Amino acid sequence: MCGIVGYIGKNEAKDYLLDGLETLEYRGYDSAGIAVLNKEKISTAKTVGRVEHLRKEEAERPVHGSVGIGHTRWATHGGVLERNTHPHHDKSKEFYVVHNGIIENYEEIKEFLSKQGYEFYSDTDTEVVPNLVHFHYQKTGNVLSAFQAAVQTLRGAYALVLLSSHDSENLYAAKLSSPLALGVGKDELFIGSDALPVAGHTQDVVFLEDGEIAVVNTEGYRIVDITTKKSIERATEVIEIDSGDGDLGDFPDFMSKEIHETPATVRSAMLGRLRADEQIVKLGGLELVEDQLQFIDRIIIIACGTSYYAGMVGEYLLEEIAGIPVEVQQASEFRYRQEPLSRSTAVLVVSQSGETADSIAALKKLEGSGILKLGIVNAPGSTLARMTDAGVYCHAGPEKAVASTKAFVAQVTVFVLIALKLAKNYPKFSEVVKALNVIPQQIEEVLKLEKDIAKIAKEYAHHNDFLYIGRRYAYPVAMEGALKIKEISYIHAEGFAGGEMKHGPLALIDESFPTFAIALSNDMDEKSFSNMQEIHARNGKIVTLVDDKNSPSAKLAQDIIVIPKTIEPLQPLLSSVATYLFAYHAAKELGRDIDKPRNLAKSVTVE
Ligand code: M6R
């Protein structure tokens, strides 16, 4: 879950390295560092905390040179301390390494190297790598073979970039289960742990595959197989990535900006895809596999976190509209399950970043199985986008806040489109299309409630716990609402299906344990009302999200939030936005770091 950058060219390396690290901060923001080579001497700047601190640190003690590497860390091995901050070096400071991933056999290697007289200053797994390179370099005097030998010993997952004072002409990179992109410019080469930092400099990108090493320099790159050492030919591909509007405008943070972008997100996800007048859904990304789709009789949706909850909404949508049996699984479980799959099953991965390690591993498990791999991905050119046979992009634009909001809304919109596309004789087709077309305006109505929602959220922000409940389409939204409030406000929250209350969660309820109930109009009204009565009878405070202020559920609540009415399959597009505003303002009241909550990273690129 760390971000990696590398630069070799004619310009000051630090400019790309610092900007690139800022772009990659979504991967981790515990500490950051750069190492730059100048006339056989490597200088570093490192700091605990954000890249903005690193900039200040570097400004005070500037590093110069046109070859360098950089890293922004999400701590796995060892605390958030300067000594654990990358780049890490060997004992004689000849080799510097940045690493994303986990070296599983680092203790074994450390023990071996210790016996050879090597000493270690950090608690990280990474530090063994530059020392191992140093060890092999003593024997060969060749940086590439030393790197190759070192990398061959490593077990686990890694994206590595090596800088050596013995070689100012080249940088060395290696990849196993952790992405690495090389951007080829004119007389310069950019490295990134994904294409985002590279995108602002060149569109010509090559992605390393597992088991490959790249030697990169101002003239380009050479890829070799780690084991056979044979050269591998791979041309660059042109990628068009919007590296993101870094401008907050009038918004105080990205989460707020992204919540307010949700109406535009729905419009953009539908653009050119939904021809309302002709009742046609056109999804170019699925055209290639249209024939195969005819034979699919089961879909397994795999995803993590918010994308998993969008997948749960997708399950209801695909079953109701397209009539296809669907099952949703967390990617972290799917990857280790021994589940028999038939060729008529398609696996559909949902991911904002396209770089989530568990989702990547889940798809990898299917390699060679002949199972159709589909994707709903937001980040173009990402690993998952490249791994799937076909898919539909979300077109939500870059999402920067760790807490996912507009991506969920885009994913659910895409699920509606896919469900309509796969529908055969669905009687309410035009009703859904009609309702979907007005969703962006209705979300705008929800956003206008922000002040009222903020007032309620502030009242409840000082509770230690929160229960979120909903039934059917509101159930995944309850889960998502609970996830959001816990991740940004650190209030303990649980999401449950309303029907589960009596099976356990009801025991939690008393005057200090409030509930956020999603009780929008549908044929579950009476059931939702019963749940609320049970809570009410136990003195539980209730914030109810309704679309009819006169509904019985509204009457039992201490506080109500009234959002516009839509058909039940589309309710998550409105209710989720209300829960986002609620979580946001609770976190704001508590003075939390909204965009970068503690212990988290935007993209979970390690298991
Ligand atoms: O990039 P992905 O959609 O694959 O990420 C999945 C989860 O890591 C992500 O949704 C996470 O749960 C968010 N922080 C939730 O707000």
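Residues numbered from 1 in each chain as written. Predicted model: local features only at pLDDT ≥ 70, side-chain atom pairs only at ≥ 80, totals over all residues. Heavy atoms only, no water.

(A) Quick look at the nonpolar core. With 102 residues, the main nonpolar core has Leu318 and Phe582 as its most contacted residues. Looking at this core, the element that brings in the most residues is helix H15 (residues 406-422), giving 12 residues. Aside from chain neighbours lying at most four places away, what touches Leu318 is Ile299, Ile301, Gly323, Ile324, Val326, Phe415, Ile418, Ala419 and Leu422. In this structure, Leu113, Leu144, Leu154 and Ala174 belong to the second largest nonpolar core, which totals 29 residues. (Core = buried A, V, L, I, M, F, W, Y, C linked by side-chain atoms within 4.5 Å. Buried < 20%, exposed > 50% of the residue type's maximum accessible area, 1.4 Å probe, protein only. Helix = DSSP H or I, 4+ residues; strand = E, 2+ residues; numbered from the N terminus. Contact = heavy atoms within 4.5 Å.)

(B) Main features of the pattern of salt bridges. Under the counting rule described, the total for this entry stands at 31 salt bridges. Two residues, Arg155 and Glu108, come together in a salt bridge whose shortest N-O distance is 3.6 Å. A residue pair is termed long-range when its members are at least 10 positions apart, and Arg155 in the loop between helix H5 (143-153) and strand E7 (156-164) and Glu108 in helix H3 (residues 106-115) qualify at 47 residues. On the basis of relative accessible area, Arg155 is assigned to the partly exposed category, the value being 44%. (Salt bridge = Lys/Arg side-chain N within 4 Å of Asp/Glu carboxyl O.)

(C) Examining the sheet that holds strand E20 (residues 345-351) more closely. Spatially, 5 strands are ordered E19-E18-E20-E21-E22 in an open sheet, and the strand pairing comes out parallel. With partners counted over all chains shown, the strands left at the sheet margins are strand E19 (326-330) and strand E22 (390-393), one partner each. The average undirected angle you get between the axes of adjacent strands in this sheet is 20°. Where helix H11 (residues 305-322) meets the sheet, it contacts strand E18 (298-303), E19 and E20, and its direction lies at approximately 175° from that of E19. (Pairing = 2+ DSSP bridges. Axes fitted to C-alpha atoms, helices over the stretch in contact; angles between N-to-C directions.)

(D) Geometry of the domain arrangement of the protein. Partitioning the protein into domains gives domain 1 (3-238), domain 2 (246-440) and domain 3 (449-591). The straight-line distance from the C-alpha centre of domain 1 to that of domain 3 is 46 Å. (Domains from an automatic or database assignment.)

(E) Spatial organisation of helix H8 (residues 262-270). Looking only at H8, the buried set comprises Thr262, Pro263, Thr265, Val266, Ala269 and Met270. Down the axis of H8, the smallest arc covering the buried residues is 160°, so these residues share one side. The inward-facing, buried residues of H8 abut helix H7 (254-260), strand E16 (274-275), H15, helix H16 (429-447) and helix H21 (571-589). Just downstream of H8, Gly272 is the residue with a positive phi angle, here 70°. (Arc of directions from axis to C-beta.)

(F) Representation of the packing of aromatic side chains within the structure. Tallied over the entire structure, the rule returns 14 aromatic pairs. Ring centres of Phe95 and Tyr137 lie 5.3 Å apart, and the angle between their planes is 65°; on these two criteria the pair is classed as edge-to-face. With Phe95 in strand E6 (residues 95-103) and Tyr137 in helix H4 (residues 128-140), this pair connects stretches of sequence that are 42 residues apart. By relative accessible area, Phe95 is classed as buried at 0%. Residue Tyr137 is classed as buried on the basis of its relative accessible area of 15%. With centroids separated by 5.8 Å and ring planes inclined at 55°, the aromatic side chains of Tyr460 and Phe466 adopt a geometry described as tilted. (Phe/Tyr/Trp six-rings, centres within 6.5 Å; stacked < 30°, edge-to-face > 60°.)

(G) Structural detail: unusual backbone geometry. At the junction of His86 and Pro87, the peptide bond is cis and its omega measures out at -5° in the coordinates. Mapped onto the secondary structure, Pro87 falls in the loop between strand E4 (67-73) and strand E5 (88-89). Positive phi values are uncommon outside glycine, yet Lys39 reaches one of about 50°. With respect to the helices and strands, Lys39 occurs in the loop between strand E2 (31-38) and strand E3 (41-48).

(H) Highlighting the packing of H8 against H16. H16 packs onto H8 with a crossing angle of 170° between their chain directions and a minimal axis gap of 8 Å. Taken together, H8 and H16 sit at an angle that is classed as roughly antiparallel. Contact residues: H8 offers Thr262, Pro263, Val266, Arg267 and Met270, while H16 offers Leu436, Asn437, Ile439, Pro440, Gln441, Ile443, Glu444 and Leu447. Considered class by class, the residues forming the contact of H8 with H16 number 8 nonpolar, 3 polar and 2 charged. (Parallel < 35°, antiparallel > 145°, perpendicular 65-115°, else oblique. Nonpolar A, V, L, I, M, F, W, Y, C, P; charged D, E, K, R; others polar.)

(I) Broad picture of the side chain of Thr47. Relative to the elements of secondary structure, Thr47 occurs in strand E3. For Thr47, the contacting residues outside a window of four places in its chain are Ser31, Ala32, His53, Leu54, Glu82 and Thr85.

(J) Broad picture of the sheet that holds strand E12 (residues 212-217). Across the sheet, which stays open at both edges, the 7 strands sit in the order E5-E6-E7-E8-E12-E13-E14 with antiparallel pairing between neighbours. Where the open sheet ends on each side, the last strands, each with one partner, are E5 and strand E14 (231-232). Where E7 and strand E8 (residues 167-176) come together, 6 bridges link them in antiparallel fashion. Bridging across to E8, Leu160 finds its partner in Ala174.

(K) View of helix H17 (residues 450-460). Every buried residue of H17 is accounted for by Glu450, Ile453, Ala454, Ile456, Ala457 and Tyr460. One side of H17 carries all its buried residues, which in axial view fall inside an arc of 165°. In H17, the exposed positions angled more than 90 degrees off the buried face are occupied by Lys451 and Lys455. Residues of H17 that are buried in the fold lie against H7, H16, strand E23 (465-470), strand E26 (542-546), strand E27 (559-562) and H21.

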